[in-house]
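# Structural features, examined
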Amino acid sequence: MLRLQNTLTRKKENFKPIRKQEVRMYTCGPTVYDVAHIGNLRTYVFEDVLRRSLEFLGYKVTQVMNITDVEDKIINKAKEQKKRIGEVTKVYTKKFFEDIKSLNIEEVEVYPLATAHVKEIVELIQSLMKKGFAYQGDDGSIYFDISKFKKYGKLVGLGKIAIKDGARVSADEYSKDNVRDFVLWKTKKKGEPSWRSPFGGGRPGWHIECSAMSMRYLGKSFDIHTGGVDNIFPHHENEIAQSEAATGKKFVNYWLHGEHLLVGGERMAKSAKNFFTLDDVEKRGYMPLAFRYFVLGAHYRSKLNFTWTALESAQSGLWNLWRELGRLKFLSEHDKFKNNRELVGKLEALFKAAVEDDLNIPGSMAALRRVMSDPDISPSEKRRLIFKMDKVLGLDLAYADVLSKIPVHIKALVVGRELLRRNQQFVKADTLRHKVESLGYEVEDTSYGPFIWPNYNRKSHHKT
Ligand code: AMP
Ligand code: ZN
């Protein structure tokens, strides 16, 4: 039974989807005004592991991830660069998809754009106005009246809050100490993009966008909603208020939030200027998948501090996994091995139990390592089991088979070296070994003959 920590109840709960064997899930996506930093990407990796785990456990997943393509930061950037907002968002949307692809993040079913759903957003605001949950301020913008929604503050755990009557905020982001009526529709400003609506020209606020688009694709009530912990307040609190006030139904059953990536103990953030991007990672010679491996080393609800040293050991950890898988293939081609089926079943169950325990990926990685090192499981069975586990991990472990395609000229050198060794010409044999190494390959002499593998130190071995 899958158990998930629900932010709404602050408890680990048994997961029961609304529809049998089917999960509907919404994920807050990027605001495409700039390149994502690796903190953002940590959250997307967590959400991908959740999706993959649900699939591994046999659920059919329908996942929606919005793209926020109209927002203050985008408008400012467009002004700065003297461009239309569409020109700015196009560049960063493309970059976002490249980044998530190189992290082996699975595509979700729908990526709705805010600008393509203004109709749905306006309809939702209209229904909130009709029901008395929203009002037009004297500035012309439409606000949500939080004093009308009695459950306001339940997600973040505000308890009884003193709300200044009528105090409101038109910015999308604000803190727990500054609880206010929040903006649903921002009235038109000169030089800013706007859409027509029954309440005058303007553009949607950030929070209403996610309520409108999630319910458009997933229905009034769905199973899981995710984001980073900073999304809990005000964004997700406001999503609940807007959606439940409009429908009278429970919006989402399970709220899951990923913890932050830190640098030097501080949250990585654009505003703190302490961030790195995936391009920085690659420029320093690391593979994007090494970053994924690094992220998988911590539970999604634990803070994780980023250092280049930690990334270095993640990369060598991943490289060793690929190498071990290559070695297992080599062994399975050279001999027959015994296989303890009962043990295989036990270790598979151990892996599954870790995944089911609120996505304990460090625990599931430990199960993988046990499979790898157990002498009572045959090499081919090990590979089968580990590739199955990789459906959850998404480390592209099958890439080991690409790496194990050794070029003919390297193989020829190694065969040459073997002949020299057999003839006891060790000095010459060693010269050939050095030659092989200088070409980026290492040779390990095993009882089944030489095992050849690309040298880890050769940074040019990037996944293509
Ligand atoms: P944003 O583009 O700021 O809306 O952020 C996109 C996603 O990244 C959201 O789900 C945030 O919660 C998440 N996020 C922002 N900063 C961090 C961080 N330092 N570590 C992990 N996730 C983050
Ligand atoms: Zn959102």
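Everything numeric in this text was worked out from a predicted model, so none of it was measured.

Okay, the domain arrangement of the protein chain next. By the assigned domains, the protein chain splits into domain 1 (15-279), domain 2 (313-403) and domain 3 (408-461). Using only C-alpha atoms to locate each centre, domain 1 and domain 3 end up separated by 55 Å.

Turning our attention to the pattern of salt bridges. Scanning the entire structure with this criterion turns up 41 salt bridges. Across the salt bridge formed by Glu 348 and Lys 388, the nearest N and O atoms sit 2.4 Å from each other. A residue pair is termed long-range when its members are at least 10 positions apart, and Glu 348 in helix α10 (residues 341-356) and Lys 388 in helix α12 (residues 379-393) qualify at 40 residues. Residue Asp 401 is joined to Arg 383 by a salt bridge in which the shortest nitrogen-to-oxygen separation is 3.1 Å. You can see Asp 401 sitting in helix α13 (residues 399-403) and its partner Arg 383 sitting in helix α12, a full 18 residues away along the chain. With a relative accessible area of 11%, Arg 383 lands in the buried category. Within the structure, one salt-bridge network assembled from shared partners comprises Asp 48, Arg 51, Arg 52, Glu 55, Glu 106, Glu 109 and Arg 292.

What follows covers the side chain of Lys 186. Secondary-structure assignment places Lys 186 in strand β8 (residues 181-187). Reaching out from Lys 186, the side chain makes a polar contact with the side chain of Asp 172 at a distance of 3.4 Å.

What follows concerns empty space enclosed by the protein. Under the definition given, this model contains three cavities of 30 Å³ or more. One number sums up the size of the largest cavity: a volume of about 110 Å³. Considering the residues around the largest cavity, the lining is formed by Arg 42, Val 45, Phe 46, Val 49, Val 295, Leu 296, Ala 298, Tyr 300, Leu 359 and Ile 361. For the lining of the largest cavity, the secondary structure elements donating two or more residues are α1 (38-56) and α8 (288-296). In the lining of the largest cavity, the residues fall into nine nonpolar, no polar and one charged. The calculated volume of the second largest cavity comes to roughly 60 Å³. Considering the residues around the second largest cavity, the lining is formed by Tyr 44, Glu 47, Asp 48, Arg 51, Gln 63, Met 65, Ile 100, Ile 105, Glu 106, Val 108 and Tyr 111. For the lining of the second largest cavity, the element with the most residues is α1, which contributes four residues. Each residue belonging to the lining of the second largest cavity can be placed in one class, and the counts come to six nonpolar, one polar and four charged.

The feature "binding site: ATP" (unreviewed entry), as annotated in UniProt, sits at Lys 270 in this numbering. Those residues in contact with Lys 270, other than ones at most four positions away along the chain, are Tyr 33, Asp 34, Val 35, Ala 36, His 37 and Phe 275. Polar side-chain contacts of Lys 270 include one of 2.4 Å to the backbone oxygen of Val 35.

Here the zinc ion (ligand 2) is held by the protein donor atoms Cys 28 (SG), Cys 210 (SG) and His 235 (NE2), which lie 2.0 to 2.2 Å from it. On the primary sequence, the residues serving as donors to the zinc ion (ligand 2) are separated as C-x181-C-x24-H. Of this pair, Cys 28 sits in the loop between β3 (22-27) and α1 while Cys 210 is found in helix α5 (residues 206-218), placing the two residues 182 residues apart along the sequence.

What follows is about the sheet that holds strand β14 (residues 304-305). Here we have three strands laid out as an open sheet, ordered β13-β12-β14, and mixed in their pairing. Each having just a single partner strand, β13 (266-267) and β14 make up the two edges of the open sheet. Across two bridges, the pairing between strand β12 (residues 261-263) and β14 is parallel. Looking at the pairing, Leu 261 lines up with Leu 304 of β14.

Thresholds applied
- Residues numbered from 1 in each chain as written.
- Chains lettered and ligands numbered in written order.
- Predicted model: local features only at pLDDT ≥ 70, side-chain atom pairs only at ≥ 80, totals over all residues.
- Heavy atoms only, no water.
- Domains from an automatic or database assignment.
- Salt bridge = Lys/Arg side-chain N within 4 Å of Asp/Glu carboxyl O.
- Helix = DSSP H or I, 4+ residues; strand = E, 2+ residues; numbered from the N terminus.
- Buried < 20%, exposed > 50% of the residue type's maximum accessible area, 1.4 Å probe, protein only.
- Polar contact = N/O pair within 3.5 Å; in protein donor to acceptor, adjacent residues only side chain to side chain.
- 1 Å grid on protein atoms, 1.4 Å probe; cavity = no way out; pocket = protein on both sides within 12 Å on 5 of 7 lines; lining within 4 Å.
- Points joined across faces, edges and corners; volume = space filled by probe spheres on them.
- Nonpolar A, V, L, I, M, F, W, Y, C, P; charged D, E, K, R; others polar.
- UniProt positions renumbered as here; feature names shortened; annotations may be inferred.
- Contact = heavy atoms within 4.5 Å.
- Donors = N, O, S within 2.8 Å, 3.2 Å for Na, K, Ca; no water.
- Pairing = 2+ DSSP bridges.

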